[in-house]
Amino acid sequence: MGCGSSQTVEIDPSTSPTEPLAVPKEPVPPPLSFEIPLEENNVVKKHPPKRIQRLEEQQQKVLTAEEIEEKQKQALERREEILQDRVRNSQKMQKILEKPTDNLENKTDKIEEITGEE
């Protein structure tokens, strides 16, 4: 099966697979090799940068159960405060949208009156 034209392909006998396809015009440089030591006598480990030293100091601090509970309590309070702010803002906007206004100037005055902003 397949295309009919794929059966009519002819191979050119003048090209043989033993001839090189491309000959480089310039000589190729010799290969290079590198040695990478895996020893513990690394200069960076002996004298680490200051940012790494600070990170290592931070990692040494171990939190107690009381500290974790205190942090969770503070996060919960922050979340509740954000939710209360959202509720207050949505109530203000609901009041604004429910009251009919005659013109745009009157509407902006009412928005300022409700929100307390000028």
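Residues numbered from 1 in each chain as written. Predicted model: local features only at pLDDT ≥ 70, side-chain atom pairs only at ≥ 80, totals over all residues. Heavy atoms only, no water.

Colleague: Sorry, what's going on with the overall build of the protein here?
Modeller: Per the secondary structure count, the protein includes four helices and zero strands. Across the 118 residues in the protein, those meeting the buried criterion constitute 3%. Surface exposure of the protein reaches about 12500 Å², of which carbon and sulfur atoms provide 54%. (Helix = DSSP H or I, 4+ residues; strand = E, 2+ residues; numbered from the N terminus. Buried < 20%, exposed > 50% of the residue type's maximum accessible area, 1.4 Å probe, protein only. Areas by Shrake-Rupley, 256 points an atom, 1.4 Å probe, with all protein chains shown as cover.)

Colleague: Can you walk me through the pattern of salt bridges in this structure?
Modeller: Opposite charge on two side chains lets them pair, provided their charged atoms get close. For the coordinates displayed, the defined rule picks out one salt bridge. Here R88 makes a salt bridge to D85, at a shortest N to O gap of 3.0 Å. Within this pair, R88 and its partner D85 are both found in helix 3 (residues 65–98), separated by three residues, close to a single helical turn. Looking at R88, the relative accessible area reads 43%, which means it is partly exposed. (Salt bridge = Lys/Arg side-chain N within 4 Å of Asp/Glu carboxyl O.)

Colleague: Help me understand a nonpolar patch on the surface, please; the structure alone is not making it clear to me.
Modeller: Taken together, the side chains of L32, F34, I36 and L38 make up a nonpolar region of the molecular surface, amounting to roughly 620 Å² of accessible area. Its location among the elements puts L38 in the segment before helix 1 (43–46). Note on L38: relative accessible area 79%, which makes it exposed. (Patch = residues over 30% accessible without salt bridge, like charges linked within 9 Å, V, L, I, M, F, W, Y side chains within 5 Å.)

Colleague: Looking at this structure, how should I read the confidence of the model for the protein?
Modeller: Caution is warranted with low-pLDDT regions, since their predicted coordinates should not be read in detail. Taken as a whole, the protein shows an average pLDDT of 76; of its residues, 58% reach a score of 70 or greater. Ranking the elements of the protein by mean pLDDT puts helix 4 (residues 104–115) last, at 63, and helix 3 first, at 94. (pLDDT = per-residue confidence, 0-100.)

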